[in-house]
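Observations on the model geometry
What follows is each chain in one-letter form.
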Amino acid sequence: MRKKIIAANWKMYKTCTETESFIAEFKNLAGNYEEKEVVICPPFTSLFVVQNLLKDTPFKLGAQNMFWEKEGAYTGEISPVMLKDLNCEYVIIGHSERRQYFCETNENINKKIKTAFNWGLTPIFCVGEKWEEREKGKTEDIIREQVTKGLEGLPMENVEKIVIAYEPVWAIGTGHSAKGEDANEVAKLIRDIISTLYNSDIANKVRIQYGGSVNPQNIVEFLSQSEIDGALVGGASLKPQSFWEIVKS
Ligand code: PGA
């Protein structure tokens, strides 16, 4: 059984003060909820605050990005060692906004995924096609390329622990989510690709999230699909009440 996993991707939102009030309110609502795994991925500047406030709760901490070196002269970057030191367990890798605005390539993403595992962090590895690609019938090719290159050279024992977020780029932040069945079809494709690259046992252990305009009204449509094991939530994770409604759905 794959435990469902709901992750909040706050992107570049919330100061430390705003973070504190979110966490206080979320803890009030969620108590010690453990039915699904809950991960909060705030901006780097709020990681320390969140790790302190989440002590003694079942909720986990994640980062939104990371560099692949341990340390060095890389102005502006954050290393896996720094994230581990803050008790981060997860790190989002290869989000489409990183691919689009910060020139992340499948090759860079592969390095980051390997590095994350080397330091005991679990990647939430994002893949997804753009609208033009879907229209031209290229979804399968794009997903196959992203998954294959992203996982290249990764040992089986790591692959089975990875979380993959299928996030169609056209659904992110637009209010137009994918249809549950369409998302399930791509999640199934991802599992088939992993099955071919590794084996079906490994493929059946990987947790696959859907992301892109998830909200309290549509979450059930995704969680009820056979291949979807959770969600990566942007906008609707910024308010404690709506995030909690998604989590408990
Ligand atoms: P959204 O973002 O829920 O605001 O569409 C999802 C994401 O980018 O992870």
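Everything below is about the structure printed above this text.
So, a few notes on the structure that sits alongside this text. (Residues numbered from 1 in each chain as written. Predicted model: local features only at pLDDT ≥ 70, side-chain atom pairs only at ≥ 80, totals over all residues. Heavy atoms only, no water.)

**Digging into the overall build of the protein**
Stated precisely, the cut-off is as follows: Secondary structure elements follow DSSP: runs of H or I no shorter than four residues count as helices, runs of E no shorter than two count as strands, and numbering proceeds from the N terminus. Atoms counted for the radius of gyration: C-alpha only. Globule rule: 2.2 Å times residue count to the power 0.38. Burial status follows relative accessibility: with a 1.4 Å probe on protein chains alone, a residue under 20% of its type maximum counts as buried, one over 50% as exposed, and anything between as partly exposed. In this analysis, two residues are considered to be in contact whenever any of their non-hydrogen atoms come within 4.5 Å of each other. Methods summary: accessible areas were calculated by the Shrake-Rupley approach with a probe of 1.4 Å, and residue burial reflects only the protein chains presented. Charged-residue counts in this description rest on Lys and Arg as positive and Asp and Glu as negative, His and the chain ends being excluded. In plain terms, the charge of a residue is placed at NZ if it is Lys, CZ if Arg, CG if Asp and CD if Glu.
When you go through the protein residue by residue, the secondary structure sums to twelve helices and eight strands. Computed over the C-alpha atoms, the radius of gyration of the protein is 17 Å, within 12% of the 18 Å expected from 2.2 N^0.38 for a compact globule of 249 residues. If one aligns the C-alpha atoms of the protein with their principal axes, the spans along those axes are about 45 × 45 × 35 Å. Within the protein, the fraction of its 249 residues that count as buried is 53%. Taking contacts inside the protein between residues at least 6 apart in sequence as the whole, the part at least 24 apart equals 75%. Split by element, the accessible area of the protein, about 11600 Å² in all, is 49% carbon and sulfur. Each charge class in the protein was averaged separately, 30 positive and 35 negative side chains, and the resulting centres sit 1 Å apart.

**Let's talk about the nonpolar core**
Across soluble globular proteins, nonpolar side chains have a tendency to be buried as a group. So the rule is basically this: As used in this record, nonpolar core signifies buried Ala, Val, Leu, Ile, Met, Phe, Trp, Tyr and Cys residues forming a set joined through side-chain atoms within 4.5 Å.
Grouped together as the largest cluster of nonpolar side chains are 66 residues, with contacts concentrated most on Ile190 and Ile194. Broken down by element, this core gets its largest block of residues, seven residues, from helix H9 (residues 180–197). Ignoring any residue separated from it by four or fewer positions in sequence, one finds isoleucine 194 in contact with Val147, Leu151, Val159, Ile164, Asn199, Ile202, Ala203 and Val206. With eleven residues, the next largest nonpolar core counts Ala7, Tyr90, Ile92 and Ala165 among its residues.

**Side note on the site of the ligand**
Convention followed: Residues are classed as near a molecule or strand on a simple rule: at least one heavy atom within 4 Å of it. What qualifies as a polar contact is a pair of N or O atoms within 3.5 Å, subject to a donor-acceptor requirement within protein and to the restriction that residues adjacent in sequence count only when both atoms come from side chains. In the scheme used here, Gly and all other residues not listed as nonpolar or charged are polar, with Ala, Val, Leu, Ile, Met, Phe, Trp, Tyr, Cys and Pro taken as nonpolar and Asp, Glu, Lys and Arg as charged.
Residues in contact with the ligand amount to 13 residues; listed here are only the nearest, Lys11, His95, Glu167, Gly173 and Ser213. One of the backbone nitrogen or oxygen atoms of serine 213 is found 2.7 Å away from an oxygen atom of the ligand. Glycine 234 places a main-chain nitrogen or oxygen 2.9 Å from an oxygen atom of the ligand. In the complex, the protein chains occlude 95% of the 280 Å² of accessible area that the ligand would expose alone. Broken down by class, the residue content of the shell around the ligand amounts to four nonpolar, seven polar and two charged.

**Considerations on the pattern of salt bridges**
Between side chains of opposite charge, a pair can form as their charged atoms come close. The following threshold applies: Salt bridge criterion: a side-chain nitrogen from Lys or Arg within 4 Å of a carboxyl oxygen from Asp or Glu.
According to the stated counting rule, one finds 14 salt bridges in the structure shown. For aspartate 229, the salt bridge is made with arginine 2, and the minimal N-O distance between the two is 2.9 Å. With aspartate 229 in the loop between helix H11 (219–223) and strand S8 (230–233) and arginine 2 in the segment before strand S1 (5–9), this pair connects stretches of sequence that are 227 residues apart. The residues aspartate 229 and arginine 2 share a single accessibility class, namely buried. Close ionic contact of glutamate 97 with lysine 11 constitutes a salt bridge, the shortest N to O distance being 2.8 Å. Placement of the pair is glutamate 97 in helix H4 (residues 96–101) and lysine 11 in the loop between S1 and helix H1 (16–30), with a sequence separation of 86 residues. What emerges from the salt-bridge pattern is a single network uniting Arg2, Arg191, Glu227 and Asp229.

**Here's the deal with the packing of aromatic side chains**
This is how the line gets drawn: Any two of the Phe, Tyr and Trp rings considered here, Trp counted by its six-membered ring, make a pair once their centres fall within 6.5 Å; the pair's planes then place it as stacked at under 30 degrees, edge-to-face at over 60, or tilted in between. A positively charged side chain is recorded as over a ring if its NZ (Lys) or CZ (Arg) lies within 6 Å of the ring centre. The angle to the ring normal must also be within 35 degrees.
Tallied over the full model, the rule gives eleven aromatic pairs. Seen from their ring centres, tyrosine 210 and phenylalanine 222 are 4.1 Å apart, and the 10° between their planes marks the pair as stacked. Of this pair, tyrosine 210 sits in strand S7 (residues 207–211) while phenylalanine 222 sits in helix H11; the two residues are twelve residues apart in sequence, bridging distant segments of the chain. Among the residues examined, phenylalanine 222 registers a relative accessible area of 0% and is labelled buried. The rings of Trp10, Phe22, Phe26, Tyr33, Phe59, Phe243 and Trp244 are connected pair by pair, giving a single aromatic cluster. Lying across the ring of phenylalanine 102, arginine 98 places its NZ or CZ 4.2 Å from the centre.

**Looking at the pairing of strand S4 (residues 90–93)**
To be explicit about the condition: Strand pairing is defined by DSSP finding a minimum of two bridges between the two strands. For crossovers, right-handed means that the path from the first strand over the helix to the second runs clockwise, given strands pointing away from the viewer.
Burial along S4 is two-sided: the face carrying Tyr90 and Ile92 and the face carrying Val91 and Ile93 are both buried. In this sheet, S4 lies alongside strand S3 (residues 60–63) in parallel orientation, the contact comprising two bridges. If you follow glycine 62 over to S4, its bridge partner there is tyrosine 90. The β-α-β motif built from S3, the intervening helix H3 (residues 80–85) and the parallel element S4 has right-handed crossover chirality. Pairing analysis gives four bridges linking S4 to strand S5 (residues 122–127), with the strands arranged parallel. Within the sheet, the bridge partner assigned to valine 91 lies in S5 and is proline 123.

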